[in-house]
There are 2 protein chains.
Amino acid sequence: MTMKNIKPIDTLSLVDKVEIRLLEFFKNNNLKPGDPIPKELEFSESLGVSRTVIREALLRLRTLGLVESKKHRGMVLTEPDIINNFARILDPTLLGTGILKNLFELRLILEMGMADFLFERKTQKDLDDLEEIVVKEEEQESDQSHFSLDKEIAFHGKLYQISNNKTLQGFQQLLLPVFEYVHLKNTPQDFKHRYSSGHFVTHRMLMDNIKIGTPETFRNAMRHHLEPHFDSIFKEK
Amino acid sequence: MTMKNIKPIDTLSLVDKVEIRLLEFFKNNNLKPGDPIPKELEFSESLGVSRTVIREALLRLRTLGLVESKKHRGMVLTEPDIINNFARILDPTLLGTGILKNLFELRLILEMGMADFLFERKTQKDLDDLEEIVVKEEEQESDQSHFSLDKEIAFHGKLYQISNNKTLQGFQQLLLPVFEYVHLKNTPQDFKHRYSSGHFVTHRMLMDNIKIGTPETFRNAMRHHLEPHFDSIFKEK
C-alpha cells in the first residue's frame, strides 16, 4: 500500500493562516514601512473570519514589530527591529545546548570573517581606543596569565564596533550572554593551560596587525588567537 | 539650568512591563524548556494586574515561541525557534535599505569566516555533490559569462551545508531572499564587466581548494571570489 496520494492534514490554526495571509497582502500590495493598512473590519469581511481572529493575528504582527498603532491613523507597517526581536528570545538560560553550541560557532565565524571591514573602516580614534584597552588589560594581567571574560569582551567588542555594521554589532551584543554562558562551562584550568602554550597570539599582536598588517595577515593571526576555542569545538566530536 | 536630576518618563505599556516581569520570573526560577508555568490567575494576583493584561503578555510570548499551550498541562516553556522567528520578520520588501546593506555585508562575513568548519566537516559525499554542482553550471555557462543567481545559490548554499551548523544554515536560508533582492538592484553589466576581468576565482577553483587546500588558502581564494561584492560595498562611500 502506498501512502503517496494521501495529503498531510493541515495543522495550522486559523490565526496562523490569517497571519500568513496578512503578510502576503502587504507584500502583494507593495506596502512599505509607514504605509497604513486596512482596518480590522475590512480584513474580517474580505477573509471571511471573525474580527477576534483578525485582532489576534494583528496582535502577533505587532509583537513581532511589523505593524504599530498610530494615533488617528490606525495601524501602519513598521520596519521590524531585527535585533530587538532577537533579543527577546535569546536568553541563554532558555536555550538548549545544541543551539548554544551553534551560536558559539557562529561567533568564531563572524570574528574570522570581519577582517576586510575592520581594515576598510578603522579610524585613528579606533586605534587609540584599542591601544587603551590593550594597555589597561596588560597592566591588570601582569600577575595572572589566565583567561578573563571582561578583557575578552572589551577587546573583541571593540573589533565589532570598528567593523561598523549595525546589525553585526547588534548580534554581538545579543550573543554576549551566550558567550558568557559557554565560558562559564569551560574549566579555567583547561584554558589556562592552552593560553600559556607558547605560540599564542595576544590582543596586542592582533592590534599591531590591525595597525600595520593586511586583512590576510589579520585573519591568520585571529585564527591562532581563537585556536583554543576551535580546538575545544573540533575535539568534542 | 541642569536637566541632570529629571528622570525620563517611563513609556513602557503595562503589557510591556508584564512581559519583562514574566521573562525575569522564568529566569529567576531557573525554568527550562518543558517546565510548566503558573496560571494566568496566579500571575494576575501576584503582579496585581488584570487577567486581560496577563493574557496579552502571554500571547506575545507565545507569538515569540517562548511558551506554548499543552493539553491538560496548561502553558509550558519552549525552546524558542530562533530561525523561524527571524523568518517571519525578514521579508526584504519590508526592510529598509540600511538593514539590507547590513545583511548583505553579513553574508560576506559569514562566507569569509566559515573556512575552518568547511575543512573540519567536509565528507566525500559533500565533495561529490559539489563536483556535480560545478560540472552542471560549467555546462550551462559555456556561452554566457555573466552572473547567474541560481548558480551562486546552488554552490554557496552547499558550502553553508558542509559547514554543518544548523543555525548558520537557517540564516542562509533566511538571507537568500535578501541576497536576491540586492542582486536584482545591481546592474548586470557591472557584474559582467567585473567577472570577466581576468583574475577571477571561479567556483571550480574554490572547490579544488576545498579538496586539496587549507582553510588559509581557501579564505584567500574566497576573498578573491567575493571581490566584486567587496568592491561595490567599499566603493559606495
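Residues numbered from 1 in each chain as written. Chains lettered and ligands numbered in written order. Predicted model: local features only at pLDDT ≥ 70, side-chain atom pairs only at ≥ 80, totals over all residues. Heavy atoms only, no water.

### Thoughts on the overall build of chain A
In terms of regular secondary structure, chain A is built from 13 helices and 2 strands. In chain A, of all internal contacts separated by at least 6 residues, the share reaching a separation of at least 24 is 69%. Accessible surface computed for chain A: about 12,400 Å², of which carbon and sulfur atoms make up 53%. (Helix = DSSP H or I, 4+ residues; strand = E, 2+ residues; numbered from the N terminus. Contact = heavy atoms within 4.5 Å. Areas by Shrake-Rupley, 256 points an atom, 1.4 Å probe, with all protein chains shown as cover.)

### Thoughts on the packing of aromatic side chains
Counted under the stated rule, the structure contains 12 aromatic pairs over all chains. Summarising the aromatic geometry, the rings of A:Phe119 and A:Phe218 are spaced 6.0 Å apart at their centres and angled 70 degrees between planes, so their arrangement reads as edge-to-face. Pair noted here: A:Phe119 is in helix 6 (residues 115-121) and A:Phe218 is in helix 12 (residues 215-225), with a separation of 99 residues, a long-range link. The class of A:Phe119 is buried, set by a relative accessible area of 14%. Where A:Phe234 meets B:Phe117, the ring centres are 5.4 Å apart and the plane angle is 70 degrees; that geometry is what we call edge-to-face. Residue A:Phe234 is located in helix 13 (residues 227-235), and its partner B:Phe117 is located in helix 6 (residues 115-121); the two belong to separate chains. With respect to class, A:Phe234 is no different from B:Phe117; both count as buried. (Phe/Tyr/Trp six-rings, centres within 6.5 Å; stacked < 30°, edge-to-face > 60°. Buried < 20%, exposed > 50% of the residue type's maximum accessible area, 1.4 Å probe, protein only.)

### Overview of the environment of B:Thr167
Residue and element names in this part refer to chain B. Secondary-structure assignment places Thr167 in helix 9 (residues 166-185). We classify Thr167 as buried; its relative accessible area is 2%. The spatial distance from the C-alpha of Thr167 to the C-alpha of Asp81 is 10.0 Å, given a sequence separation of 86 residues.

### What about the environment of A:Gln124?
Counting through the fold element by element, A:Gln124 comes out in helix 7 (residues 124-141). The sequence separation of A:Gln124 and A:Lys211 amounts to 87 residues, and the corresponding C-alpha distance is 9.4 Å.

### As for the pattern of salt bridges
The final tally for this structure, using the stated rule, is 37 salt bridges over all chains. Among the ionic pairs, B:Arg55 bridges to B:Glu40, the shortest N-O distance being 3.1 Å. In this pair, B:Arg55 sits in helix 3 (residues 51-63) while B:Glu40 sits in helix 2 (residues 40-47), placing the two residues 15 residues apart along the sequence. Classification of B:Arg55 by relative accessible area gives partly exposed; the value is 43%. A salt bridge links B:Glu111 to B:Arg107; its shortest N-O distance comes to 3.0 Å. Within this pair, B:Glu111 and its partner B:Arg107 are both found in helix 5 (residues 97-113), separated by 4 residues, close to a single helical turn. Several salt bridges share partner residues, and in doing so they unite A:Asp116, A:Arg219, B:Arg223 and B:Glu227 into one network. (Salt bridge = Lys/Arg side-chain N within 4 Å of Asp/Glu carboxyl O.)

### Digging into the packing of helix 12 of chain A against helix 13 of chain A
All names here are of chain A. Interhelical geometry of helix 12 versus helix 13 gives an angle of 60 degrees and a closest axis separation of 5 Å. As the angle between them shows, helix 12 and helix 13 are arranged oblique. Seen from helix 12, the contacting residues are Arg223, His224 and His225; seen from helix 13, they are Glu227, Pro228 and Phe230. Grouping the constituent residues of the contact of helix 12 with helix 13 by class yields 2 nonpolar, 2 polar and 2 charged. (Axes fitted to C-alpha atoms, helices over the stretch in contact; angles between N-to-C directions. Parallel < 35°, antiparallel > 145°, perpendicular 65-115°, else oblique. Nonpolar A, V, L, I, M, F, W, Y, C, P; charged D, E, K, R; others polar.)

### Section: unusual backbone geometry
A negative phi angle is the norm for most residues apart from glycine, just as the trans form is the norm for most peptide bonds. Residue and element names in this part refer to chain A. Of note, Asn30 is a non-glycine position whose phi angle comes to about 55 degrees, a positive value. Along the chain, the position of Asn30 falls in the loop between helix 1 (14-28) and helix 2 (40-47). Backbone geometry places Asn164, a non-glycine residue, at a positive phi of 55 degrees. In this structure, Asn164 sits in the loop between helix 8 (149-163) and helix 9 (166-185).

### Some words on the packing of helix 7 of chain A against helix 11 (residues 203-212) of chain A
All names here are of chain A. Here helix 7 crosses helix 11 at 165 degrees, and the two axes come no closer than 10 Å. Classed by the angle they form, the pair helix 7 and helix 11 counts as roughly antiparallel. Considering only the axes of helix 7 and helix 11, their crossing is left-handed. Contact residues: Leu127, Leu130, Glu131, Val134, Val135, Glu137 and Glu138 in helix 7; His203, Arg204, Met207, Ile210 and Lys211 in helix 11. (Left-handed = near helix turned anticlockwise from the far one by under 90°.)

### Some points on the pairing of strand 2 (residues 74-77) of chain A
Sheet topology note: the strand 1 (residues 67-70) of chain A/strand 2 of chain A ladder contains 4 bridges and is antiparallel. Each residue of the ladder has a partner; that of A:Lys70, found in strand 2 of chain A, is A:Gly74. (Pairing = 2+ DSSP bridges.)

### Side note on the nonpolar core
The nonpolar side chains of a soluble globular protein tend to be buried, and buried together. One finds A:Leu159, A:Phe218, B:Leu159 and B:Phe218 to be the most contacted residues of the largest nonpolar core, which totals 76 residues. Counting residues in hydrophobic clusters, the runner-up holds 38 residues, among them A:Met75, B:Phe26, B:Phe43 and B:Leu61. (Core = buried A, V, L, I, M, F, W, Y, C linked by side-chain atoms within 4.5 Å.)

### Re the confidence of the model for chain A
Summary statistics for chain A give a mean pLDDT of 82 and a share of 77% for residues scoring 70 or more. The secondary-structure element of chain A with the lowest mean pLDDT is helix 10 (residues 188-195) of chain A, recorded at 51, while helix 6 of chain A shows the highest, at 97. (pLDDT = per-residue confidence, 0-100.)

### Some words on helix 7 (residues 124-141) of chain B
All names here are of chain B. Between the first and last C-alpha of helix 7 there are 26 Å, a value that for 18 residues agrees with the 26 Å anticipated at 1.5 Å per step. Within helix 7, burial applies to Asp126, Leu127, Leu130, Val134 and Glu137. Looking straight down helix 7, one finds that the buried residues subtend no more than 95 degrees of arc, so they occupy a single side. Away from its buried face, by an angle of more than 90 degrees, helix 7 presents the exposed residues Gln124, Lys125, Glu132, Lys136 and Glu139. Check the buried side of helix 7 and you find it contacts helix 6, helix 8 (149-163) and helix 11 (203-212). (Expected span 1.5 Å × (residues − 1). Arc of directions from axis to C-beta.)

### Details of helix 1 of chain A
Its 15 residues give helix 1 of chain A an end-to-end C-alpha distance of 21 Å, which sits within 8% of 21 Å, the value for a rise of 1.5 Å per residue. Just downstream of helix 1 of chain A, A:Asn30 is the residue with a positive phi angle, here 55 degrees.

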